[in-house]
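Architecture and fold: a report
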Amino acid sequence: MPIATPEVYAEMLDRAKAGKFAYPAINVTSTQTLHAALRGFAEAESDGIVQISTGGAEFLGGQYSKDMVTGAVALAEFAHIVAAKYGISVALHTDHCPKDKLDGYVRPLLDISAERVAKGQNPLFQSHMWDGSAETLADNLAIGQELLAKAAAAKIILEVEITPTGGEEDGVTHEINDELYTTVDDALRTAEALGLGEKGRYLLAASFGNVHGVYKPGNVVLRPELLKDLQEGVAAKYGKAAGSQPFDFVFHGGSGSTEQEIVTALENGVVKMNLDTDTQYAFTRPIVDHVFRNYDGVLKVDGEVGNKKVYDPRSWGKSAEAGMAKRVTEACANLRSTGTRLK
């Protein structure tokens, strides 16, 4: 199936970890950006992950009601239909969800998937993220335990963020300081609370200096080698073989990362890397170019009638889709997922 089943998603993640590559996880906010992501994956012959943040879901729900669940469900149902034409497997994921939005977003979506599974169907989404990085680690993991149990029962993988990622995304803000580095003790407490797969599979967004937003290489001090310390510390505690990697890591705040930083992260267990800022720009840049080149046609200047052919949203929308798709193919190359599709 084009939308990954729980079994296919697990296989995707296992293959990524074994092959030292990661899937780009592309934030989408419309059917058009969804098509751009799917096109990028297909052109790279890579499977991938499409995700919807709380802000994206609110936007998808329409500005009249701004209902996050409606927006997320609508796009997921749309994806289940259109993804069939792309020849790849794609997982649907919900991005950062803080504590105050759980009841209006992740918990209802978990219930919807639980109802589907009870009827013998697959879950609507393949994974959901709980972002408890603004909470104490104890509270974060307590909520994580509750959500992991519900996710596992619905055949869904949970993503958890245990320590802050700097910058701002959808209203969740963290300072850029020395607290942006997860410790081995943090990782051990996570393994104790959530297990290492026996309580349900989860992805772990650990912090190694990551910052959301737009930054040039060198402006953010990333330490992806820290992920190796976390893997080794937990492996030693739980009697895992030397060189084993207990965690499936997620790379957040990757804009401006160097090639070597990405490679080091992949070698240390990163299987998913989020892209939003860069793909937003890649989508919008062609639209701006179109408007500048067709100013008198896009606008009805000096009492003229303009040019319908250039203010038709399809005229600039096709270029926007192509621009974003190209950035997705570049991400696949950077993360070494090009040519790895299951089909």
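Structure report, in brief. (Residues numbered from 1 in each chain as written. Predicted model: local features only at pLDDT ≥ 70, side-chain atom pairs only at ≥ 80, totals over all residues. Heavy atoms only, no water.)

1. Quick notes on the packing of aromatic side chains
- One pass over the structure, following the stated rule, counts four aromatic pairs.
- With 5.4 Å between their ring centres and 85 degrees between their planes, Phe 21 and Tyr 23 make a pair best called edge-to-face.
- A residue is classified by how much of its surface remains accessible, and Phe 21, at 6% relative accessible area, is buried.
- You can call Tyr 23 buried: its relative accessible area is 0%.
- Measuring from ring centre to ring centre gives 5.6 Å for Phe 247 and Phe 249, while their planes differ by 45 degrees; the resulting arrangement is tilted.
- Exposure remark for Phe 249: the relative accessible area of 0% places this residue in the buried category.
- Through successive ring pairs, a cluster of aromatic residues spans Tyr 202, Phe 247 and Phe 249.
- Between Arg 223 and the ring centre of Tyr 181, over which it is positioned, the NZ or CZ distance is 4.9 Å. (Phe/Tyr/Trp six-rings, centres within 6.5 Å; stacked < 30°, edge-to-face > 60°. Buried < 20%, exposed > 50% of the residue type's maximum accessible area, 1.4 Å probe, protein only. Lys NZ or Arg CZ within 6 Å of the ring centre and 35° of its normal.)

2. Section: the pairing of strand E4 (residues 127-131)
- Burial analysis of E4 places five of its five residues in the buried class, which makes it a mostly covered element.
- Burial of the side chains of E4 extends over both faces: Ser 127, Met 129 and Asp 131 are buried on one face and His 128 and Trp 130 on the other.
- Summarising the sheet, strand E3 (residues 90-94) and E4 pair through two bridges and their orientation is parallel. Bridging from a neighbouring strand, His 93 pairs with Ser 127 of E4. (Helix = DSSP H or I, 4+ residues; strand = E, 2+ residues; numbered from the N terminus. Pairing = 2+ DSSP bridges.)

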